[in-house]
Amino acid sequence: RDNMAKKVILEAGRTFSEFSLLTDYTSKNCNLNNINLKSKLGKLDLGIPFLSAAMTSVTGYEMALALGKEGGLGVLPARLSVKEQVDIIDKIKGYEMGFVEDPVSVRDNATIDEAVRLVEKHGHSKIPVTDRNNVFLGLFNFDKYLESNETPAENILSIMTSVENLPFTKNSEITVKQAKKELEENNYLIVLDDLGRLVKIAFKKDVENIVVGAAISTHKGWKKRVKACDEAGADIFVIDTSDAYNEFTSKVLKEYTKMNLGKPICAGNVITYEGAKFLMESGADVVKVGMSSGSICTTQREKATGRAPMTALMQVERARADYLKESGKYVSIIIDGGVSDAGSMIIALSIADAVMMGGYFNHFFEAEGEKYDANMQITTHEPDIKYVATWGEGSARARNLDRYGHVARKTFFAEGEEGTVENWGRLKPKLKQDIRKIKAALSNTGCMKLKDYHDKAVIELMSPYTQSIVGDTHDMKVKE
Ligand code: IMP
């Protein structure tokens, strides 16, 4: 036993894609329409359990707004100046979209399939149906279609909800303020002119509070940052360090608690039971998990430190359960790093309350990274965009010494890469599609909400051999 490490774990750590979700009984009303993915981070309500990473290549105003509108949370990087963070929060909190003028619509002779294609392209789940004179006839509702027995080739009118059954007004001059009143009762309001022609639509979620988070470091000046961002209306603070199991973080947590802002604080990242328990005991409302699993991360390569993300998550969950028993406080868990497809989200959400993603969100038009065309020339012309720049907070480009610790101040070495990812277009359509996949998985397990899913989900480890059989198609050639 002499001269040996304290412990050598010989069981390999696990990642999301090594697991498979088992099915459970599904009742009739457990369908995509009725399933919701609402979640909570401490006291903060989220419409969907997604956070965009506090990375300079990912989250700025556009990303925080786009994700916030869908019910998720953008976390503004601590690398931004206090003024930059405050300005973005101000803009997001002051945002009021008003009406969707000129909504994408289909004609009354369209097939259901044509409407579905528009849903897939734009991400809107409701498509107005009009006649040749633009007179509004009704609304195609994608979620309703999914639950129906209609087939794609049928005419749109067979499934459309007619105008008389929808909230509409013929006052085409209606103001945002007046519309807001109507939106207290309904999720949307269709605005027609006096001849019944479609003018615009107002959606409730566009006038609801968009939430946004601010990352802070444990270094000097954090308190000033918190105060300024709190005043601007930030909804949650996220202590962003690559390794939070330390004295600095617990000091910040304790002092933050004393500030009594009534807003949740998240601390991270940790990867062990002890690290998580330490943050919980220091006052964290939310704990963020992960190290070395980020898409741009070179930490394992550079200093062989970190942990397989699913294993880290399982350990932190143990700490949460113990802490809940001891204190009565439920600490939310965010998994951060290594999640980039719906399958991984589904497995991660069987334990985590929310998923933070950098690489995934970096692919979209709304990401902060520069956009490039096919010849790697910078462009802002949307149809030409082929790639989006990405870089880690610990890359030479970002050189975020705050995130990577005080020691690194003198001895900087990059813990992140810089590069590009493929452009996936706008966030909304892809996000909606992935949300549908997650809801479908919940439906397979008979769960209507994430809370039930946490209680009921059964996941099973696959052997590498099984993974090669079930993980993808096999013994066939996929059509190009
Ligand atoms: P992804 O979703 O797999 O891309 O992981 C995103 C996460 O990687 C972020 O939220 C950070 O926790 C982490 N991260 C960001 N920048 C770096 C870096 O430069 N090196 C290592 N990890 C990073």
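Just above, that's the structure.
The following refers to the structure shown. Worth saying up front: this structure is predicted, and the values here are computed from it rather than measured. (Residues numbered from 1 in each chain as written. Predicted model: local features only at pLDDT ≥ 70, side-chain atom pairs only at ≥ 80, totals over all residues. Heavy atoms only, no water.)

## A closer look at the site of the ligand
For step 1, the next point in the chain: Ser295, Asp336, Gly394, Arg403 and Glu415 are the nearest of the 24 residues found near the ligand.
For step 2, the next point in the chain: Here aspartate 336 contributes a side-chain N or O atom positioned 2.5 Å from an oxygen atom of the ligand.
For step 3, the next point in the chain: Interatomic distance of 2.6 Å between a backbone N/O atom of glycine 394 and an oxygen atom of the ligand.
For step 4, the next point in the chain: Out of a free accessible area of 510 Å², the ligand has 95% covered by protein chains.
For step 5, the next point in the chain: Of the residues belonging to the shell around the ligand, the class tally is seven nonpolar, 13 polar and four charged. (Near = heavy atom within 4 Å. Polar contact = N/O pair within 3.5 Å; in protein donor to acceptor, adjacent residues only side chain to side chain. Areas by Shrake-Rupley, 256 points an atom, 1.4 Å probe, with all protein chains shown as cover. Nonpolar A, V, L, I, M, F, W, Y, C, P; charged D, E, K, R; others polar.)

## Looking at the sheet that holds strand β22 (residues 418–422)
For step 1, the next point in the chain: Reading across from one edge, β20-β21-β22 is the order of the three strands in this open sheet, with antiparallel pairing throughout. Lying at the two open borders of the sheet, with one neighbouring strand each, are β20 (371–372) and β22.
For step 2, the next point in the chain: Bridge count between strand β21 (residues 387–391) and β22: five bridges; the pairing is antiparallel. Bridge pairing links threonine 390 to glycine 419 in β22. (Pairing = 2+ DSSP bridges. Helix = DSSP H or I, 4+ residues; strand = E, 2+ residues; numbered from the N terminus.)

## Side note on the pairing of strand β19 (residues 354–357)
For step 1, the next point in the chain: The side-chain alternation of β19 yields two buried faces, one formed by Ala354 and Met356 and the other by Val355 and Met357.
For step 2, the next point in the chain: Both strand β4 (residues 50–52) and β19 contribute to a ladder of three bridges, which runs parallel. Bridging from a neighbouring strand, phenylalanine 50 pairs with valine 355 of β19.
For step 3, the next point in the chain: Of the strand pairs in this sheet, strand β18 (residues 332–336) and β19 are connected by three bridges, and their pairing is parallel. Paired with aspartate 336 across the strands is methionine 356, a residue of β19.
For step 4, the next point in the chain: Handedness of the crossover joining β18 and β19 through helix α11 (residues 342–348): right-handed. (Buried < 20%, exposed > 50% of the residue type's maximum accessible area, 1.4 Å probe, protein only. Right-handed = clockwise from strand over helix to strand, strands pointing away.)

## A closer look at the packing of aromatic side chains
For step 1, the next point in the chain: What the rule picks out here adds up to nine aromatic pairs.
For step 2, the next point in the chain: When the ring of tyrosine 360 is compared with that of phenylalanine 364, the centres are 5.5 Å apart and the planes differ by 70°; the resulting orientation is edge-to-face.
For step 3, the next point in the chain: The aromatic ring of phenylalanine 99 is capped on one face by lysine 200, whose charged end is 4.1 Å from the ring centroid.
For step 4, the next point in the chain: Positioned over the ring face of phenylalanine 365 is lysine 371, at 5.9 Å from the centre of the ring. (Phe/Tyr/Trp six-rings, centres within 6.5 Å; stacked < 30°, edge-to-face > 60°. Lys NZ or Arg CZ within 6 Å of the ring centre and 35° of its normal.)

## Some thoughts on the sheet that holds strand β8 (residues 126–130)
For step 1, the next point in the chain: Across the sheet, which stays open at both edges, the four strands sit in the order β7-β8-β9-β10 with mixed pairing between neighbours. Only two strands of the sheet have a single partner each, and these edge strands are β7 (106–107) and β10 (161–162).
For step 2, the next point in the chain: Contacts between helix α3 (residues 112–122) and the sheet are confined to β7, β8 and β9 (136–141), with β9 contributing the most and set at about 65° to the helix. (Contact = heavy atoms within 4.5 Å. Axes fitted to C-alpha atoms, helices over the stretch in contact; angles between N-to-C directions.)

## Things to note about the side chain of lysine 288
For step 1, the next point in the chain: Relative to the elements of secondary structure, lysine 288 occurs in strand β17 (residues 286–289).
For step 2, the next point in the chain: Engagement of the side chain of lysine 288 in a polar contact is seen with the side chain of aspartate 336, the distance being 2.9 Å.
For step 3, the next point in the chain: In this view, lysine 288 contacts Val238, Asp240, Cys266, Ala267, Gly268, Asn269, Val270, Ile334, Asp336, Met356 and Arg403; residues no more than four positions away in its chain are not counted.

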